[in-house]
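Each chain is listed here by its residues.
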Amino acid sequence: MDKLEDMSSVYDFDPITGNIPATKVEITVSLCVLYTQGVETKQWREFGRTEVIDNTLNPDFVRKYILDYFFEEKQNLRFDLYDVDSKSPDLSKHDFLGQTFCTLGEIVGSPASRLEKPLGGIPGKKCGTIILSAEELSNCRDSATMQFCANKLDKKDFFGKSDPFMVFYRSNEDGTFTICHKTEVVKNTLNPVWQPFTIPVRALCNGDYDRTIKVEVYDWDRDGSHDFIGDFTTSYRELARGQSQFNVYEVINTKKKMKKKKYVNSGTVTLLSFSVESEFTFLDYIKGGTQINFTVAIDFTASNGNPSQSTSLHYMNPYQLNAYAMALKAVGEIIQDYDSDKMFPALGFGAKLPPDGRVSHEFPLNGNMENPYCNGIEGILEAYHQSLKTVQLYGPTNFAPVVNHVARYAAAVQDGSQYFVLLIITDGVISDMAQTKEAIVNGAKLPMSIIIVGVGQAEFDAMVELDGDDIRISSRGKLAERDIVQFVPFRDYMDRTGNHVLSMARLAKDVLAEIPDQFISYMKSRGIKPNPAPPPYTPPGHTHHHTQI
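Residues numbered from 1 in each chain as written. Predicted model: local features only at pLDDT ≥ 70, side-chain atom pairs only at ≥ 80, totals over all residues. Heavy atoms only, no water.

**What to know about helix α8 (residues 400-412)**
Side chains that are three or four residues apart share a direction in an α-helix, a result of its 3.6 residues per turn.
Line of reasoning, step 1. For α8, spanning 13 residues, the distance from its first C-alpha to its last is 18 Å, which sits close to the expected 18 Å at 1.5 Å a residue.
Line of reasoning, step 2. Taken as a whole, α8 has its buried residues at Ala400, Val402, Val403, His405, Val406, Ala407 and Ala410.
Line of reasoning, step 3. Buried residues along α8 sit against β18 (291-299), β19 (343-349), β25 (418-426), α9 (433-443) and β26 (448-454). (Helix = DSSP H or I, 4+ residues; strand = E, 2+ residues; numbered from the N terminus. Expected span 1.5 Å × (residues − 1). Buried < 20%, exposed > 50% of the residue type's maximum accessible area, 1.4 Å probe, protein only. Contact = heavy atoms within 4.5 Å.)

**Thoughts on the pairing of strand β13 (residues 197-200)**
Line of reasoning, step 1. Side-chain alternation along β13 places Phe197 and Ile199 on a buried face and Thr198 and Pro200 on a face that remains uncovered.
Line of reasoning, step 2. Taken together, the four bridges between strand β10 (residues 142-151) and β13 define a ladder with antiparallel strand orientation. Along β13, the bridge assignment pairs Thr145 with Thr198. (Pairing = 2+ DSSP bridges.)

**Thoughts on the pattern of salt bridges**
Line of reasoning, step 1. In total, this model carries 17 salt bridges according to the counting rule given.
Line of reasoning, step 2. The partner of Glu333 in a salt bridge is Lys74, and the shortest N-O contact between them spans 3.4 Å. Here Lys74 lies in the loop between β5 (64-69) and β6 (76-83) and Glu333 lies in helix α6 (residues 323-335), a separation of 259 residues in the sequence.
Line of reasoning, step 3. One salt bridge connects Glu106 with Lys117, and the closest N-O pair in it is separated by 3.4 Å. Within this pair, whereas Glu106 is found in helix α1 (residues 104-109), its partner Lys117 is found in strand β8 (residues 114-118), the two being separated by eleven residues in sequence.
Line of reasoning, step 4. Given a relative accessible area of 24%, Glu106 falls into the partly exposed group. (Salt bridge = Lys/Arg side-chain N within 4 Å of Asp/Glu carboxyl O.)

**A word on the packing of α6 against helix α7 (residues 376-390)**
Line of reasoning, step 1. In contact at an axis separation of 10 Å, α6 and α7 are set at 160° when each is read in the N-to-C sense. In this view, α6 runs roughly antiparallel relative to α7, as classed from their interaxial angle. Between α6 and α7 lies a crossing whose hand is right-handed. Residue-level contacts link Tyr324, Ala325, Leu328, Lys329, Gly332 and Glu333 of α6 to Ile377, Glu378, Ile380, Leu381 and Tyr384 of α7.
Line of reasoning, step 2. The class makeup of the residues in the contact of α6 with α7 is seven nonpolar, one polar and three charged. (Axes fitted to C-alpha atoms, helices over the stretch in contact; angles between N-to-C directions. Parallel < 35°, antiparallel > 145°, perpendicular 65-115°, else oblique. Left-handed = near helix turned anticlockwise from the far one by under 90°. Nonpolar A, V, L, I, M, F, W, Y, C, P; charged D, E, K, R; others polar.)

**Regarding the domain arrangement of the protein chain**
Line of reasoning, step 1. Annotation of the protein chain at the domain level lists domain 1 (29-133), domain 2 (142-278) and domain 3 (283-340 + 396-526).
Line of reasoning, step 2. Averaged C-alpha coordinates put domain 1 and domain 3 at centres separated by 34 Å.
Line of reasoning, step 3. With 15 residues of domain 1 in contact, the opposing surface of domain 3 contributes 17 residues.
Line of reasoning, step 4. A buried area of about 1,500 Å², summed over both sides, lies between domain 1 and domain 3, and 64% of it is on carbon and sulfur atoms.
Line of reasoning, step 5. When the buried surface of domain 1 facing domain 3 is broken down by residue, Phe71, Glu72 and Lys74 rank first, second and third, together holding 43% of it.
Line of reasoning, step 6. The interface formed by domain 1 and domain 3 includes two salt bridges.
Line of reasoning, step 7. Ionic pairing is found between Lys509 and Glu73, a salt bridge with its closest N-O pair at 2.8 Å.
Line of reasoning, step 8. At the boundary of domain 1 and domain 3, one finds four residue pairs in polar contact (both at pLDDT 80 or more).
Line of reasoning, step 9. Grouping the constituent residues of the side of domain 1 that touches domain 3 by class yields five nonpolar, four polar and six charged. (Domains from an automatic or database assignment. Buried area = accessible area lost by both parts, 1.4 Å probe. Polar contact = N/O pair within 3.5 Å; in protein donor to acceptor, adjacent residues only side chain to side chain.)

Structure follows, in structure tokens:
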């Protein structure tokens, strides 16, 4: 096989979202071998192989790979292509045709989650292209909302009527039942109307619409010895028909039925309404084109220490990154996969600027007021190093200006097409707590999240308060409508063995883990649904022979 100019292949990933923290990713995949890389060892491990496709320069692989997807991790992938010469499973017996490297985030973050990459690995040779596409396994993300009432239930209390409530069970593969919902108790009536309730379809039937759902009706007793009134069975498929004659159920008490010849039933339960809604995931929005804008703000206050001395948090060690650079790289390298232009505004605060020595709490690291954007994470690091040579560390430590800076941009696009993440790296002693709280409470209404990484050995009590995990942050009596701040102290992640790669991966994992939920909470609160993914773009004159599964 010589001609490989237009070799193309498809992998369909599928991140699944369930209650599991992992979103699983399925990939649809001459032979293609996928390798994944361990976080700690950096060793490539074979993850799987596609089927072998005969006699074509444009193989379209059908077999999918299913991977777990984590937004907060950098998941490195390698794809190797081979021309298969024999039945041997030993890859060294086959011709290597080329390879490509990428991250799972890159595939997911590409338009329509479809990434085209050149194949390389053979010096001086064009090896064709590979097309990777990712798809989230739906794993039944629907939630059903329903309401029931009952009529003429058996009277169980000696004085007065019954106090009925219902318990719902889903059936398991082995015939056992698991409780999945309890209604509230309606007091002193034989004809209760229960409140509507919402339940994930997964919880109700594990995604199997025909599986039995058992419902028991009880009379509530204060001492917990609730009296059994009767039960009935149904299924998701039946309930989904909505209000109809099919969704009126006789409540039967089998013991009573055995004893009494004239027994008809112990009342009826009627479905009053049923609706189903799809819960959208972070990946639905990313696939629909939502961009994540990343801004970084760096603390240039004097408490960091003189940058020319090795004790300074800003010390420019020629041999290794300082804590500021490490935190920036750890977080930035993951977020950049979700930002198509890779241009990032980088700001500093708390320094005196040339030429006149005025103090600024919102200055561009690249010195360009009109255009604070840096090209990629490397561009930010370069601008950071440059500014350390030109500005004078000073004070005080004011966060509010950079928070408000990002909030102004976020306020301009509230349609769900963009979401803003501000990374503040600081040595932690904040001077404008009241103003910062006000800025955060306002920011909570906007499509933005704030990550604060504390470097150095200071007490970070104020940062913990801003984090708002224990007590939701408030300003002038107004509570933040959602939690948008995540704080971590960098020192908790320093690997004792000096393995910086590992400490950076751990840091990124913890600071980014809350972002997808914060993102979803904004979209949900504004009723924003993801755009449908755009169709794959095919340049005129190019035909890639593959179909999307």
